[in-house]
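Structure assessment
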Amino acid sequence: MTIEKVNDAFRRNFGTGGNLYASPGRVNLIGEHTDYNLGFVLPGAIRQAIYARIKPNGGTLCRIYSVDYDENVEFDVAASELPVQQWARYVYGVVHEVRKLGKSVAGFDCAFGGDVPLGAGLSSSAAFESVIGYGLNDLFGLGLSRLQLAKAGQMTEHNYIGVRCGIMDQFASLFGEKDRLIRLDCRSLEYRLEPFRPEGYRVLLLDTQVKHSLASSQYNVRREQCEAGVTIIRRHVPEVESLRDVTPEMLETYRGKMEDAVYRRCHYIVGENGRLLKACEALERGDYETFGRQMFGSHEGLSREYEVSCAELDFLAGEAAKHSGVLGARMMGGGFGGCTINLVREAEYENLVGELSEKYAARFGKAPRVIDVVIGDGARRVE
Ligand code: ADP
Ligand code: MG
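Residues numbered from 1 in each chain as written. Chains lettered and ligands numbered in written order. Predicted model: local features only at pLDDT ≥ 70, side-chain atom pairs only at ≥ 80, totals over all residues. Heavy atoms only, no water.

In the case of a regular strand, side chains alternate between the two sheet surfaces. Of the pairings in the sheet, the one linking strand β4 (residues 61–66) to strand β5 (residues 71–76) comprises six bridges and is antiparallel in character. Bridging across to β5, Ile64 finds its partner in Val73. Hairpin connection of β4 to β5: four residues between the antiparallel strands, including Asp70 at a positive phi of 50°. (Pairing = 2+ DSSP bridges. Helix = DSSP H or I, 4+ residues; strand = E, 2+ residues; numbered from the N terminus.)

Given below as structure tokens:
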């Protein structure tokens, strides 16, 4: 569907030829707020993706058509002024970040569109940056690695969109593989692909469609609280540089020297890294029950200790925990809104979706949006 629309749009706007590329959105199974504390995250690429047909045009203009906004934008590759349209700034940003690396990008024509829901926590923006970077790298033979493309996407968000994100989303979009989750070490950027073939189970997102304005201000407060905890421990254990280096025992030793809120934030982060590693061990055994329990633990910590949940997320995770069809559930993303991610028994999937939607609607006046997720491949050329 999406592919045909993109191909048709390219033909109408620019004629024949070009290559078609795809780069997906992502989910994060466990490891929330651990990235900026230099811990671990466990994302996977999903089937929903942004598709772009791109063709060099022999000039210096970037001519882009957005299928989903039905809008054309063009700018010179060397233009110093940002496009007015927000969506075009992602393309502009990637072109400029790639040029900063000393690579020459010439003019190109591009039609793109996708089926990653926007702003739902599936990182449509990273999918978009990644497909543009991947496509330009391939078409112009730039020789950039996937890691360099991920960083170019991240810098696009920092420098042209004003979102100071970590690298997880772009990393997942570029490095994802079918039946695999990516255990990414946010300190070293080393990664390991963990097997994820939950036969008989499905991954389900329930989108509260709530967006709390608290998210960005509270994000900064949490960062400061984590730093405050590190500063206290470092006075006694100088080799500690981040919460990544803090053990549960260490935290208990210095608990008395911390404000209660600082202790609870740190306790969540230290615990979450531990849960993630336990979850990965479980994956290697094919033990999805244990994996699911770590997800519940993650939600508990995010809600009670890190305090970034909200009534809607707690309701969905709490009801999921009571349902026999659910192995694990937790809020996904920064918090104060967005989705829960659930690992659900296939046989009880329909029943669960019906029951939770009904209960949620009775409580909050509107059913959650249901998003079915399958772990798929990362950035690629599509034939
Ligand atoms: P998300 O959590 O989905 O990444 P963001 O707000 O970071 O949410 O990114 C969404 C933005 O990315 C959109 O406002 C738009 O500018 C751009 N974008 C994402 N998907 C598309 C698309 N299919 N077509 C055009 N622009 C898109
Ligand atoms: Mg985004």
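From this point on, the discussion continues.
If you check the shell around ligand 1, you find 17 residues, and the closest are Asp68, Tyr69, Gly119, Ser124 and Ser125. Between ligand 1 and Ser124 there is a distance of 2.7 Å, counted from an oxygen atom to a side-chain nitrogen or oxygen. The side chain of Ser125 places a nitrogen or oxygen atom 3.0 Å from an oxygen atom of ligand 1. When ligand 1 is considered free in solution it has 570 Å² of accessible area, and contact with the protein chains removes 81% of it. When residues of the shell around ligand 1 are traced back to their parent elements, those giving at least two are α2 (86–100), β6 (108–114) and α3 (124–139). (Near = heavy atom within 4 Å. Polar contact = N/O pair within 3.5 Å; in protein donor to acceptor, adjacent residues only side chain to side chain. Areas by Shrake-Rupley, 256 points an atom, 1.4 Å probe, with all protein chains shown as cover.)

Quoted interface sizes are often the accessible area lost when the parts come together. Per the domain assignment, the segments of the protein are domain 1 (2–196 + 377–381) and domain 2 (201–373). Each of domain 1 and domain 2 has a C-alpha centre, and the two are 27 Å apart. Contact residues are listed per partner, giving 32 residues for domain 1 and 43 residues for domain 2. When the buried area of domain 1 at its contact with domain 2 is split by residue, Ile30, Glu32 and Tyr36 rank highest and sum to 22% of it. Linking domain 1 to domain 2 there are four salt bridges. One salt bridge in this structure joins Arg192 and Glu284, with 2.8 Å as the shortest N-O distance. Applying the counting rule to domain 1 against domain 2 returns 15 residue pairs in polar contact (both at pLDDT 80 or more). Among the residues forming the side of domain 1 that touches domain 2, the class breakdown is 15 nonpolar, nine polar and eight charged. (Domains from an automatic or database assignment. Contact = heavy atoms within 4.5 Å. Buried area = accessible area lost by both parts, 1.4 Å probe. Salt bridge = Lys/Arg side-chain N within 4 Å of Asp/Glu carboxyl O. Nonpolar A, V, L, I, M, F, W, Y, C, P; charged D, E, K, R; others polar.)

In this section: the pattern of salt bridges. By the definition in use, this model includes 25 salt bridges. Note that Glu97 is salt-bridged to Lys100, the shortest N-O span being 2.8 Å. In this pair, Glu97 and Lys100 are both assigned in helix α2, three residues apart and thus about one turn of the helix distant. Overall, Lys100 belongs to the exposed group, its relative accessible area being 55%. (Buried < 20%, exposed > 50% of the residue type's maximum accessible area, 1.4 Å probe, protein only.)

Bringing the packing of helix α8 (residues 260–285) against helix α9 (residues 288–304) into the picture now. Orientation of α8 relative to α9, taken along the N-to-C sense of each, is 170°, at an axis distance of 8 Å. The angle between α8 and α9 falls in the class roughly antiparallel. Like other packed secondary-structure pairs, α8 and α9 cross with a definite hand, here left-handed. Judged by residue contacts, Arg264, Tyr268, Glu272, Arg275, Lys278, Ala279, Ala282, Leu283 and Arg285 of α8 engage Tyr288, Thr290, Phe291, Gln294, Gly297, Ser298, Gly301, Leu302 and Arg304 from α9. Looking at the contact of α8 with α9, its residues break down into seven nonpolar, five polar and six charged. (Axes fitted to C-alpha atoms, helices over the stretch in contact; angles between N-to-C directions. Parallel < 35°, antiparallel > 145°, perpendicular 65-115°, else oblique. Left-handed = near helix turned anticlockwise from the far one by under 90°.)

A few words now on the layout of surface pockets. Empty space among the atoms becomes visible once a probe the size of a water molecule is rolled across them. Estimates place the volume of the second largest pocket at around 320 Å³. Every element with two or more residues in the lining of the second largest pocket is listed here: α4 (146–161) and α6 (214–236). The element contributing the most residues to the lining of the second largest pocket is α4, with three residues. Split into classes, the residues belonging to the lining of the second largest pocket amount to eight nonpolar, three polar and four charged. (1 Å grid on protein atoms, 1.4 Å probe; cavity = no way out; pocket = protein on both sides within 12 Å on 5 of 7 lines; lining within 4 Å. Points joined across faces, edges and corners; volume = space filled by probe spheres on them.)

This brings us to the sheet that holds β6. An order of β5-β4-β6-β3-β1-β13 is seen for the six strands of this open sheet, with the pairing classed as mixed. Looking at strand neighbours, the two that pair on one side only are β5 and β13 (380–382), the edges of this open sheet. When the angles between neighbouring strand axes are averaged without regard to direction, this sheet yields 30°. By the bridge criterion, nine bridges tie strand β1 (residues 19–28) to strand β3 (residues 43–56) in an arrangement that is antiparallel. Residue pairing in the sheet places Pro24 in a bridge with Ala49 of β3. Across the face of the sheet, helix α1 (residues 2–14) comes into contact with β1, β3, β4, β5, β6 and β13 while running at roughly 150° to β6. On the sheet, helix α5 (residues 168–175) packs against β1 and β3 and is oriented at approximately 130° with respect to β1.

With that out of the way, let us pick up helix α10 (residues 311–322). Look at α10: 16 Å from first C-alpha to last across twelve residues, which is about the 16 Å you get at 1.5 Å a residue. For α10, the full list of buried residues reads Glu312, Leu313, Phe315, Leu316, Ala317, Glu319 and Ala320. Next to the buried residues of α10 lie β9 (201–211), α9, β10 (326–331), β11 (337–345) and α11 (349–364). (Expected span 1.5 Å × (residues − 1).)

So, about the nonpolar core. The tendency in soluble globular proteins is for nonpolar side chains to be buried as a group. Counting residues in each nonpolar core, the largest one holds 73 residues, and the members touching the most others are Val27, Phe196 and Phe291. Both domain 1 (2–196 + 377–381) and domain 2 (201–373) contribute no fewer than three residues apiece to this core. Setting aside anything within four residues of it in sequence, one finds Phe291 in contact with Leu29, Leu42, Leu181, Phe196, Ala279, Ala282, Leu283 and Leu343. Formed by 26 residues, the second largest nonpolar core is a distinct cluster that contains Tyr36, Ile233, Tyr263 and Tyr306. (Core = buried A, V, L, I, M, F, W, Y, C linked by side-chain atoms within 4.5 Å.)

What follows covers the sheet that holds strand β2 (residues 40–41). In spatial order, the strands read β2-β7-β8; together these three strands make up an open sheet with antiparallel pairing. One side of each edge strand has no neighbouring strand; the edge strands of this open sheet are β2 and β8 (191–195). As judged from the five bridges shared by strand β7 (residues 180–185) and β8, these two strands associate in the antiparallel manner. Within the sheet, the bridge partner assigned to Ile182 lies in β8 and is Leu193. α5 contacts β2, β7 and β8 of the sheet and is inclined by roughly 140° relative to β7. Packing against the sheet, α8 makes contact with β2, β7 and β8, and its axis sits at approximately 50° to β8.

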